[in-house]
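Observations on the three-dimensional arrangement
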Amino acid sequence: MNLRFLALAPLPLLAAACAPADPETVAARSAAAIAAAPEATVLGEGQNCIDRAQVRNTVVRSDQVIDFEMQGGKVYRNILAQRCPGLGMDRAISYETSINQLCRQQIVYSIQNIGGVVQRGGGCSLGDFVPVEYVKRAKE
């Protein structure tokens, strides 16, 4: 049985186009995408998979960072191996799986809203699921 899951968040109208870039540019974009995510403390080693049924919320932080907030308050940060063009702007993903887990190398797709029509965008491969805790900052 093929299950489909759709995590929706606000959807902008257009997605960015993908163009080849030199390795230094790609590395700089990756660092910027990761830096855009809220600061978090790593709580342990990355896992290959998480239980899909336990995912309470999916928060797309950038073109390369997705936080999976679980029931019970755990958070797993996934840093994609490659930047996923348009994902940070679209802020929504979908995926297909035949098991009740999301695993490293699973393909997720950005969800785009173009002229009021919701459609699947480019596919990107997930990385490890790293348990994190958001850093709480004191009010200034």
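Everything that follows concerns the structure shown earlier in this document.
The paragraphs below set out a description of the structure included in this document. (Residues numbered from 1 in each chain as written. Predicted model: local features only at pLDDT ≥ 70, side-chain atom pairs only at ≥ 80, totals over all residues. Heavy atoms only, no water.)

1. What about the sheet that holds strand E6 (residues 75–79)?
Whenever strands of a sheet pair, they do so through backbone hydrogen bonds, lying parallel or antiparallel. Reading across from one edge, E2-E11-E6-E5-E4 is the order of the five strands in this open sheet, with antiparallel pairing throughout. Each having just a single partner strand, strand E2 (40–42) and strand E4 (55–60) make up the two edges of the open sheet. For this sheet the average axis-to-axis angle between neighbouring strands, irrespective of direction, equals 35°. Taken together, the four bridges between E6 and strand E11 (residues 129–134) define a ladder with antiparallel strand orientation. By the bridge assignment for E11, valine 75 is matched with valine 132. (Pairing = 2+ DSSP bridges. Helix = DSSP H or I, 4+ residues; strand = E, 2+ residues; numbered from the N terminus. Axes fitted to C-alpha atoms, helices over the stretch in contact; angles between N-to-C directions.)

2. So, the nonpolar core
Within the largest apolar cluster, 17 residues are counted, with the highest numbers of intra-cluster contacts made by Ile50, Ile66, Phe68, Leu87, Ile93 and Phe129. Secondary-structure elements contributing two or more residues to this core are E4, strand E5 (65–70) and strand E7 (93–97). The element contributing the most residues to this core is E5, with three residues. Non-local contacts of phenylalanine 68, meaning those with residues more than four positions away in its chain, are made with Ile50, Val55, Asn57, Thr58, Lys74, Val75, Tyr76, Asn78, Ile93, Leu102, Leu126 and Phe129. (Core = buried A, V, L, I, M, F, W, Y, C linked by side-chain atoms within 4.5 Å. Buried < 20%, exposed > 50% of the residue type's maximum accessible area, 1.4 Å probe, protein only. Contact = heavy atoms within 4.5 Å.)

3. What about the side chain of asparagine 78?
Inspection of the secondary structure puts asparagine 78 in strand E6. For asparagine 78, a relative accessible area of 0% gives the class buried. In terms of polar contacts, asparagine 78 uses its side chain to reach the backbone amide nitrogen of glycine 127, at 2.8 Å. Excluding anything up to four places from it in sequence, asparagine 78 contacts Gln64, Val65, Ile66, Phe68, Leu126, Gly127, Asp128 and Phe129. (Polar contact = N/O pair within 3.5 Å; in protein donor to acceptor, adjacent residues only side chain to side chain.)

4. Considering the state of the cysteines
What the rule picks out here adds up to two disulfides. One disulfide in the model links cysteine 49 with cysteine 103; its S-S distance is 2.0 Å. The disulfide joining cysteine 49 to cysteine 103 has a torsion of about 110° about its S-S bond and is therefore right-handed. Placement of the pair is cysteine 49 in strand E3 (residues 49–51) and cysteine 103 in strand E8 (residues 101–103), with a sequence separation of 54 residues. (Disulfide = S-S within 2.5 Å.)

5. Regarding the packing of aromatic side chains
Scanning the model with the defined rule gives one aromatic pair in all. Above the face of the tyrosine 109 ring, arginine 120 is positioned so that its terminal group lies 3.8 Å from the ring centre. (Phe/Tyr/Trp six-rings, centres within 6.5 Å; stacked < 30°, edge-to-face > 60°. Lys NZ or Arg CZ within 6 Å of the ring centre and 35° of its normal.)

6. Observations regarding the pairing of E4
Consecutive side chains along a regular strand alternate between the two faces of the sheet. In this sheet, E5 lies alongside E4 in antiparallel orientation, the contact comprising five bridges. Along E5, the bridge assignment pairs valine 55 with methionine 70. Counting the residues that bridge the hairpin from E4 to E5 gives four residues.

7. A closer look at the side chain of glutamate 69
Note on placement: glutamate 69 falls in strand E5. By relative accessible area, glutamate 69 is classed as buried at 11%. Polar side-chain contacts of glutamate 69 include one of 3.1 Å to the side chain of tyrosine 134. If we ignore the near neighbours within four places in the chain, the residues touching glutamate 69 are Gln54, Val55, Arg56, Asn57, Val59, Arg61, Lys74, Val75 and Tyr134.

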